[in-house]
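Descriptive analysis of the structure
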Amino acid sequence: MGYNLLKGKRGIIFGALDENSIAWKTAQSVHDEGGTFVLTNAPIAMRMGQIDELAKKTGSQIIPADATSVEDLDNLIAKSVEILGGKIDFVLHSIGMSVNVRKGRAYTDENYDFTAKGWDVSALSFHKVLQSLYKADAMNEWGSVVALTYMAAQRTFPDYNDMADNKAYLESIARSFGYFFGKEKKVRVNTISQSPTATTAGQGVKGFDGFISYAEKMSPLGNATAQDCADYTVTLFSDLTRKVTMQNLFHDGGFSNTGVSQEVIEKF
Ligand SMILES: NC(=O)c1ccc[n+]([C@@H]2O[C@H](COP(=O)([O-])OP(=O)(O)OC[C@H]3O[C@@H](n4cnc5c(N)ncnc54)[C@H](O)[C@@H]3O)[C@@H](O)[C@H]2O)c1
């Protein structure tokens, strides 16, 4: 929008795959607000995605990193500090993947190797990112780290499968690491619990179209879009939210506190 909210701030943005990605929209919005950043994604996503185009548009460099590899993360952080010319002010973790969902395994028929892989990518990777930043002392004071989550961590959405458990774990990491990062380095750590959003990861969830329409009808303000999420994330990276930490912040048009809506009643 152009308030210069992030002028002079440096960051790392994980998870921009294509122009639908929440991370893609966030990168553009951060750029519009004057922030500079390094883009990163898994090496495989580089080949499939269009991240080069985003890098060009935002004047950013790309450093591939598998978020499950501590070695990759350490390298990413060291190089980012070098490229950006100083310590980091903001980090977006916008990463999720369930092998059980991909392979069509029901929650009651998990393959535990798949479960472990999905947990590593979707949940533990957040701890790895935080720990690598912490150990390298790579964050500036009053920096901000945000990860994306979904309300299936609190309430059951059957087709969300093992991602529900991964999100519960992810949200817990934000609280637990947020304590230490706040105490030692004055860095805040939060998760944004976003509405269902039409992206590659979102569409992987079975019955997604019905699901997103239902959420739309259940939210007084309607679903939050990827662009809405980008705008919200900018505020959390800005200096205007310096005492917000260890929170799971619902960004869902009011869905999470709505019992039923008139539209849904009328359907029955
Ligand atoms: N789309 C939704 O409905 C929705 C709702 C709430 C929360 N979220 C969360 O938002 C985040 C972003 O997802 P999205 O909807 O923009 O979809 P997306 O598919 O565009 O983004 C997911 C990203 O994760 C990356 N990734 C996967 N494995 C990785 C690895 N090993 N290392 C590094 N990166 C890896 C992918 O390459 C991709 O860029 C995820 O955490 C997702 O769970 C999505």
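Residues numbered from 1 in each chain as written. Predicted model: local features only at pLDDT ≥ 70, side-chain atom pairs only at ≥ 80, totals over all residues.

Attention now goes to the packing of helix H1 (residues 22-32) against helix H10 (residues 226-237). Two elements in contact, H1 and H10, have axes whose closest approach is 8 Å; the angle formed by their N-to-C orientations is 55°. Between H1 and H10, the interaxial angle falls into the category oblique. Relative to H10, the crossing made by H1 is right-handed. Contacts between H1 and H10 involve Ile22, Lys25, Thr26, Ser29 and Val30 from the former and Ala226, Gln227, Cys229, Ala230, Asp231, Thr233, Val234 and Phe237 from the latter. (Axes fitted to C-alpha atoms, helices over the stretch in contact; angles between N-to-C directions. Helix = DSSP H or I, 4+ residues; strand = E, 2+ residues; numbered from the N terminus. Parallel < 35°, antiparallel > 145°, perpendicular 65-115°, else oblique. Left-handed = near helix turned anticlockwise from the far one by under 90°. Contact = placed C-beta atoms within 7 Å.)

Turning to the UniProt feature "binding site: NAD(+)" (unreviewed entry) in the protein, a few remarks are in order. UniProt tags Gly15, Ser21, Ile22, Ile95 and Lys167 as "binding site: NAD(+)" (unreviewed entry). By the element assignment, Ile22 lies in helix H1. In this structure Ile22 comes out as buried when scored by C-beta crowding, with 26 C-beta atoms within 10 Å. Contact partners of Ile22, with chain neighbours within four places excluded, come to Ser94, Leu148, Gln194, Thr197, Thr199, Ala226, Cys229 and Ala230. Here Ile95 is to be found in the loop between strand E4 (88-93) and helix H5 (99-102). (UniProt positions renumbered as here; feature names shortened; annotations may be inferred. Buried ≥ 20, exposed ≤ 12 C-beta atoms within 10 Å, placed from the backbone.)

Before going further, it helps to spend a moment on the nonpolar core. Counting 55 residues, the largest nonpolar core has Ile13, Ala16 and Ala27 as its most contacted members. Aside from chain neighbours lying at most four places away, what touches Ala27 is Ile13, Ala16, Phe37, Leu39, Leu54 and Thr58. Counting 9 residues, the second-largest nonpolar core is a separate cluster that includes Val101, Met151, Ala152 and Ala153. (Core = buried A, V, L, I, M, F, W, Y, C linked by C-beta atoms within 7 Å.)

This paragraph deals with the UniProt feature "active site" (unreviewed entry) in the protein. Under the UniProt annotation, the feature "active site" (unreviewed entry) is placed at Tyr150 and Tyr160. By the element assignment, Tyr150 lies in the loop between strand E5 (139-149) and helix H7 (163-185). Within the secondary structure layout, Tyr160 lies in the loop between E5 and H7. Of the residues examined, Tyr160 has 23 C-beta atoms within 10 Å and is grouped as buried. If near-sequence neighbours (up to four positions away) are discounted, Tyr160 is found in contact with Tyr150, Ala152 and Val205.

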